[in-house]
Every structure is written in C-alpha cells, then in structure tokens.
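Residue strings, one per chain:
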Amino acid sequence: MAADTARLICSSTALIDSGRAVRFEIPGPDGKPRAAIALRYQGRVYGYVNACQHIPIELDLQDGNVFDLSGQYLVCSMHGALYLPTNGRCVGGPCRGQSLQALPLYEADNHVWLNVMPD
C-alpha cells in the first residue's frame, strides 16, 4: 500500500484483544471531524466510526472503553446497544439490525493504518 493512500493510526501493540480501543478522528461528509475507533478482536484489527446507531453519540464514555465486560461485544455506554466487533452489526438494544460504519483498517510493519483515498 502506498504511503499516500494510508494514514498511520497507532502501533499494533496499542491494541490488545478485547481491550481498549484507540480513538482517532476522520473527516466527516461536512468537513468536520468525526470520532472513530480502532480495536482488536480475536487477533484482527477493526475500525468503526464511533457513533451509536440508535442516537449518534460516541460508544465510549471513558476513552476507548468500548467492549462489554465479557469482551465479546462492543457496547454503547449510554443505551446498552450491543454490536458484533467483527462487522459492527447491532445484535441487542434499540438499534438491532443496524450496523456501525466500518473503516478500512489494516496492519503492516507493526502499525495499524487507515486506507484512504489520495486528495
């Protein structure tokens, strides 16, 4: 992947399986920054826009704390909506059947990158 089509998010070691997510920002459609998260689940890295599908507030009330106590689901701290970490699909709560907006993250050279289109 060419450097001009990728943005560094964090070191691979910053993401622990079912642990705290790394927060970052992406440009929104209106040009304003949007909250986003990078996380690791079952050895793979995933990225999502950090906005609950019930009411678009950030999932974490404490920075990066997006997993439920079991470490199996992402949870909205405000509404209790449960999302699958592997695809962002809501499987419990007020937004059942909807999905978080996925972001194209990948790992290379011991870092996590966001695949972006060049300007």
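A brief report on the enclosed structure follows.

Cut-off values and rules
Residues numbered from 1 in each chain as written. Predicted model: local features only at pLDDT ≥ 70, side-chain atom pairs only at ≥ 80, totals over all residues. Heavy atoms only, no water. Buried < 20%, exposed > 50% of the residue type's maximum accessible area, 1.4 Å probe, protein only. Helix = DSSP H or I, 4+ residues; strand = E, 2+ residues; numbered from the N terminus. Pairing = 2+ DSSP bridges. Salt bridge = Lys/Arg side-chain N within 4 Å of Asp/Glu carboxyl O.

## Digging into unusual backbone geometry
Line of reasoning, step 1. Positive phi outside glycine occurs at S18, with the angle close to 55°.
Line of reasoning, step 2. Residue S18 is classed as partly exposed on the basis of its relative accessible area, which comes to 27%.
Line of reasoning, step 3. In the Ramachandran plot, D109 falls in the positive-phi region, its phi being about 55° despite a non-glycine side chain.
Line of reasoning, step 4. Structurally, D109 is set in the loop between β9 (105–108) and β10 (111–115).

## Digging into the sheet that holds strand β8 (residues 102–103)
Line of reasoning, step 1. Pairing in this open sheet of four strands is antiparallel, and the strands run β2-β3-β4-β8 from one edge to the other. Taken across any chain shown, the strands that pair with only one partner, and hence form the sheet edges, are β2 (22–27) and β8.
Line of reasoning, step 2. Sheet topology note: the β2/strand β3 (residues 33–41) ladder contains six bridges and is antiparallel. Within β3, the residue paired with E25 across the bridge is A35.

## What to know about the pattern of salt bridges
Line of reasoning, step 1. Evaluated as defined, the whole model comprises four salt bridges.
Line of reasoning, step 2. For E58, the salt bridge is made with R23, and the minimal N-O distance between the two is 2.7 Å. Of this pair, E58 sits in the loop between β4 (44–49) and β5 (74–75) while R23 sits in strand β2, and the two are 35 residues apart along the sequence.
Line of reasoning, step 3. Owing to a relative accessible area of 33%, E58 belongs among the partly exposed residues under this scheme.
Line of reasoning, step 4. Among the residues examined, R23 registers a relative accessible area of 31% and is labelled partly exposed.
Line of reasoning, step 5. Among the ionic pairs, E107 bridges to R40, the shortest N-O distance being 2.9 Å. Of this pair, E107 sits in strand β9 while R40 sits in strand β3, placing them 67 residues apart in sequence.
Line of reasoning, step 6. Accessibility expressed as a relative area gives 12% for R40, which makes it buried.

## Notes on the sheet that holds strand β7 (residues 90–92)
Line of reasoning, step 1. Taken together, the three strands give an open sheet; going across it, the order is β5-β6-β7, and neighbouring strands pair in antiparallel fashion. In this open sheet, the two strands that pair with only one neighbour each are β5 and β7.
Line of reasoning, step 2. Here strand β6 (residues 82–83) pairs with β7 via two bridges, running antiparallel. What sits directly across from L82, in β7, is G92.

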